[in-house]
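Structure assessment
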Amino acid sequence: MTTTSLPTGPAPQPSTALDSPAPRSRGRWHRLFRGNENDPRWVRPGLLALLALTALLYLWNLGASGWANSFYSAAAQAGSVNWEAFFYGSSDAANSITVDKTPASLWVMALSVRFFGLNSWSILVPQALMGVGTVGLLYASVRRAMSNRTVTSHNEHGEPTHSAAATWTAPAAALLAGAVMALTPVAVLMFKFNNPDALLVLLLVASVYAFTRACEKASTWWLLAVGALIGFGFLTKMLQALLVVPVFAAVYLIVAPNRLRTRILQLLASCAALIVSAGWWIAVVELMPESMRPYIGGSQTNSIMELVLGYNGLGRLTGNEVGSVVPGGGTGGLGGPGGTGGSMWGETGIGRMFNAEIGGQVAWLIPAAIMLGIAGLWLTRRASRTDGTRTAFLVWGGWLAITALTFSFMQGIFHAYYTVALAPAIGALVGIGSVLLWERRRSVAAGAVMASTVLITAGWAYVLLNRSSEFVPWLAPIVLVAGFVIAFALATVSFIPARVATAIALAAVVIGLAAPAAYAVQTSATAHSGSIPTAGPAVAGGVRGPGGMRGPGGMGGPGGAAMPPGGTQGFPGAMPPGLGQRQGMTGTGPGGAGAQGGPGGAGGLLMGSTPSAAVTATLQQNAQNFTWVAAAIGSQNASGYQLATQDPVMPIGGFNGSDPSPTLDEFKALVSAGKIHYFIGGQGGGPGGQSGTSSQISTWVQQNFTATTIDGTTLYDLTQPTTGATS
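Residues numbered from 1 in each chain as written. Predicted model: local features only at pLDDT ≥ 70, side-chain atom pairs only at ≥ 80, totals over all residues. Heavy atoms only, no water.

1. Looking at the sheet that holds strand S11 (residues 705-710)
- If you walk across this open sheet you meet the 5 strands as S9-S8-S10-S12-S11, and the pairing is mixed. Of all the strands in the sheet, just strand S9 (649-652) and S11 have a single pairing partner and so form its edges. Adjacent strand axes in the sheet meet at a mean angle of 30° when their direction is disregarded.
- Bridge count between strand S10 (residues 676-681) and strand S12 (residues 713-721): 4 bridges; the pairing is antiparallel. Its bridge partner being in S12, Phe-679 is matched across the sheet by Tyr-716.
- The sheet contacts of helix H22 (residues 635-645) involve strand S8 (628-633), S9, S10 and S12, and relative to S9 the element is tilted by about 175°. (Pairing = 2+ DSSP bridges. Helix = DSSP H or I, 4+ residues; strand = E, 2+ residues; numbered from the N terminus. Axes fitted to C-alpha atoms, helices over the stretch in contact; angles between N-to-C directions. Contact = heavy atoms within 4.5 Å.)

Below is the structure:
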């Protein structure tokens, strides 16, 4: 049993219709849709409606994005036809190189493709279902944290009184948390896209549910589940999954209802579960002889540990990412080399989550979450050490703080869509904090906090909406004016009749969610493709169109390519080779969005290629006689050809074109052995890394084989060397 206390204000008044359970019924179908008989009658229908509307939002227009991020779609295709490629997360079924991430998210997509065939729906529907599952788990976590509470208040004589919390409070907080999460624009984006973030967020929210269960009775088994879930999160997106670990450890040491020594031992056991669930795959890959596995994409030394600790690890924090788009890391960003307040991937600092690039993605309710989280901790300050509601504030508040601060100050590669990891914490803090304050609405202090929260939320929404002034221009003034009116009503809510007060509360929820919901619907209705998708309409100061990527100097447009402010090292104020779409690019898959162009063409670093039917037919000729029907520089460029032919296409240099895989000598040996049919020329890649193998291979091919152009795509038949060719 948990308690929540407030030092001032009268005891809560009996609730109205929100609390009234429906008459009991023994009908099977009625019980199925009714839920717990002790719940108010609206709870189960409300949950079902939340999940159904979330599914509709995330599945709506899903196929329009085509292959979405064709880099991962091609790897899913490879894993669906070859179990070795499945295990390692290879970019191609012939296992030349892996993607630059651990493969857990690919396993889900590859199994779906294996069962349902290769199409955009088989790749993207699992992501949408993960979104629905995440909302459901968030609901369950918040509801459980607020269940079985006893509210402590003081009567007019200053004497403490105790009463059970109203039955509507836990489900109301949980439904609000789920709605906030579902309508966060970046959540809509990523649960309709095939980057690893969808599975990562699902696993992390599941870990919070398990942690909530563990804290209730100091359950070792549930704590082991926490470690295992985070471990699989590591196999999804490496070190980002570990950001919440310090929060979980600190909170468990504080709140678990057993001896401190036992708590420490339990945490060590959970840590062991994390290491086992994350480390088994790492150990297999690291111990496997290099000749018996694909090259580890994203590394310069064919080492999974380098990838974990460097390119996808500490390098993201420090900016020292060998093999990245910008060799050597984040120098030359805002303020120039060594400048403060910026990196190659945008301005850093406490305001990063609120700037033009990030604000509309996730920040709509961050101020409200902070205010309500602080208020919730104050309201529960006198609760028992094991209080479940305060535990929830500590966990979700810690999640929000450590993740937002990491994103705000990291110097390495950072993209706006990473912020989907903030959405569950924002939802939970808003849901729980709002309900706790509403319980005490007869307190003047509680009314003032609620009014301030609504006022700030409406004002901030007005600012964000005006950054995209051509998008529903009528909404901003409505939200602002309505927010002022509702804030005034909440400030005086202690004098308002109960039914009117309930209507005001519902109006506050509607106004608070109106602006992010508008962005969410726009995001759901828009096709997204490429490596750096973004939610919402184009905004002033830096972003984006349907292609989801920003162009140099902050100009945006459909399919435009993103650029670190100030250019990249060696390419000041301009794109490095192959960073954006090239002429002839039409999209990334069936029905996919992209820039206008010819009938087909090469992709680049951020957008997949879309070959014409004639190019596809050419590559498929005698495909059974070759290990790879073609080779192309860069994984995104190779991905479109592989998805079109459903045959292996070697991505030289991996994602950035900078990995030394294969070397020139290795490539020559493969060509000599008749393993590769065509080399696809005319495409860009990354800068080639320190070894420059990509450019060496391209130069050697051009010097020794004849080019043929088909629908704007340059092909070199590697079985037909020119006269006098050198080996």
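2. Here we look at the pattern of salt bridges
- Under the criterion given, the structure shown has 5 salt bridges.
- Of the charged contacts in the structure, one is a salt bridge between Arg-143 and Asp-39, with a shortest N-O distance of 2.5 Å. Pair noted here: Arg-143 is in helix H6 (residues 120-146) and Asp-39 is in the loop between helix H1 (28-34) and helix H2 (43-59), with a separation of 104 residues, a long-range link. Per residue, the accessibility class of Arg-143 equals that of Asp-39, and both read buried.
- With its nearest N and O atoms 2.7 Å apart, the salt bridge here joins Arg-144 to Glu-216. Of this pair, Arg-144 sits in helix H6 while Glu-216 sits in helix H9 (residues 197-217); the two residues are 72 residues apart in sequence, bridging distant segments of the chain.
- The class for Glu-216 is partly exposed, based on a relative accessible area of 35%.
- Counted as one network, the salt bridges with shared partners bring together Arg-144, Arg-213 and Glu-216. (Salt bridge = Lys/Arg side-chain N within 4 Å of Asp/Glu carboxyl O. Buried < 20%, exposed > 50% of the residue type's maximum accessible area, 1.4 Å probe, protein only.)

3. Considering helix H19 (residues 475-491)
- For H19, spanning 17 residues, the distance from its first C-alpha to its last is 24 Å, which sits close to the expected 24 Å at 1.5 Å a residue.
- Buried within H19 are the following residues: Leu-475, Ala-476, Val-479, Ala-482, Gly-483, Ile-486, Ala-487, Ala-489 and Leu-490. Around the axis of H19, the buried residues are gathered within 155° of arc, so they sit on the same side. Every exposed residue of H19 that faces more than 90 degrees away from the buried side is listed here: Val-481, Val-485 and Phe-488.
- Looking at the buried positions of H19, the neighbouring elements they touch are helix H17 (423-439), helix H18 (444-466) and helix H20 (498-525). (Expected span 1.5 Å × (residues − 1). Arc of directions from axis to C-beta.)

4. Here's the deal with the nonpolar core
- Counting 166 residues, the largest nonpolar core has Phe-211, Tyr-252, Ile-304, Trp-396, Ile-426, Val-430 and Leu-490 as its most contacted members.
- Element by element, the count of residues in this core is highest for H9, at 13 residues.
- Beyond its immediate sequence surroundings of up to four residues, Tyr-252 is in contact with Phe-211, Ala-214, Cys-215, Ala-218, Ser-219, Leu-223, Asn-258, Arg-263, Gln-266 and Leu-267.
- Counting residues in each nonpolar core, the second largest holds 16 residues, with Ile-633, Phe-667, Ile-697 and Phe-705 among its members. (Core = buried A, V, L, I, M, F, W, Y, C linked by side-chain atoms within 4.5 Å.)

5. Here we look at the packing of aromatic side chains
- Under the defined criterion, the tally for this structure stands at 24 aromatic pairs.
- In textbook terms, an aromatic cluster arises when at least three aromatic residues are bridged by ring pairs, as seen for Trp-83, Phe-86, Phe-87, Tyr-88, Trp-107, Trp-280 and Trp-281.
- One residue, Arg-316, lies across the ring of Tyr-311, its end atom 5.1 Å from the ring centre.
- Taking NZ or CZ as reference, Arg-381 lies 3.8 Å from the ring centre of Trp-378, over its face. (Phe/Tyr/Trp six-rings, centres within 6.5 Å; stacked < 30°, edge-to-face > 60°. Lys NZ or Arg CZ within 6 Å of the ring centre and 35° of its normal.)

6. Brief notes about the pairing of S11
- As judged from the 5 bridges shared by S11 and S12, these two strands associate in the antiparallel manner. Bridge pairing in S12 places Ala-707 opposite Tyr-716.
- Turn length for the S11-S12 hairpin, with the two strands adjacent in sequence and antiparallel, is 2 residues, and the turn residue Asp-711 shows positive phi of about 50°.

7. Here's the deal with the packing of H9 against helix H16 (residues 388-409)
- Relative to each other, H9 and H16 sit at 150°, their axes nearing to 11 Å. When the axis of H9 is compared with that of H16, the two are roughly antiparallel. Here H9 and H16 pass one another in a crossing that is right-handed. Taking contact as the criterion, the partners of Leu-204, Val-205, Val-208, Phe-211 and Cys-215 in H9 are, on H16, Thr-391, Val-395, Trp-396 and Trp-399.
- The residue inventory of the contact of H9 with H16, partitioned by class, reads 8 nonpolar, 1 polar and no charged. (Parallel < 35°, antiparallel > 145°, perpendicular 65-115°, else oblique. Left-handed = near helix turned anticlockwise from the far one by under 90°. Nonpolar A, V, L, I, M, F, W, Y, C, P; charged D, E, K, R; others polar.)

8. Looking at the pairing of S10
- Judged by how many residues are buried, S10 sits mostly within the fold: 6 of 6 residues are covered.
- Alignment of S8 against S10, held across 4 bridges, turns out to be parallel. For Ala-631, the partnering residue across the bridge sits in S10 and is Phe-679.

9. Focus: unusual backbone geometry
- Residue Pro-662 is bonded to the preceding Ser-661 through a cis peptide linkage, with omega at -10°.
- With respect to the element layout, Pro-662 can be found in the loop between S9 and helix H23 (664-672).
- Located in the positive-phi region is Val-472, a residue other than glycine, with phi close to 35°.
- Along the chain, Val-472 turns up in the loop between H18 and H19.
- A relative accessible area of 23% places Val-472 in the partly exposed class.

10. Section: helix H5 (residues 104-116)
- Between its first and last C-alpha, H5 extends 19 Å over 13 residues, near the 18 Å set by a 1.5 Å rise per residue.
- For H5, the full list of buried residues reads Ala-104, Ser-105, Leu-106, Trp-107, Met-109, Ala-110, Ser-112 and Val-113.
- Buried positions along H5 lie against helix H3 (70-81), helix H4 (83-88), H6, H9, helix H10 (220-237) and helix H12 (260-287).

11. Section: the confidence of the model for the chain
- Mean pLDDT over the chain: 84, with 81% of residues reaching 70 or higher.
- Contacts from residues 327-340, a stretch scored under 50 in pLDDT, to residues over four places away or in other chains number 25 contacts. (pLDDT = per-residue confidence, 0-100.)

12. Focus on the packing of helix H7 (residues 169-183) against H17
- Viewed as axis vectors pointing N to C, H7 and H17 meet at an angle of 145°, and their least axial separation amounts to 7 Å. As for how H7 packs across H17, the hand of that crossing is right-handed. Judged by residue contacts, Thr-169, Ala-172, Ala-173, Leu-176, Ala-177, Val-180 and Met-181 of H7 engage Ala-423, Pro-424, Ile-426, Gly-427, Ala-428, Val-430, Gly-431, Ile-432, Ser-434, Val-435 and Glu-439 from H17.
- Grouping the constituent residues of the contact of H7 with H17 by class yields 13 nonpolar, 4 polar and 1 charged.

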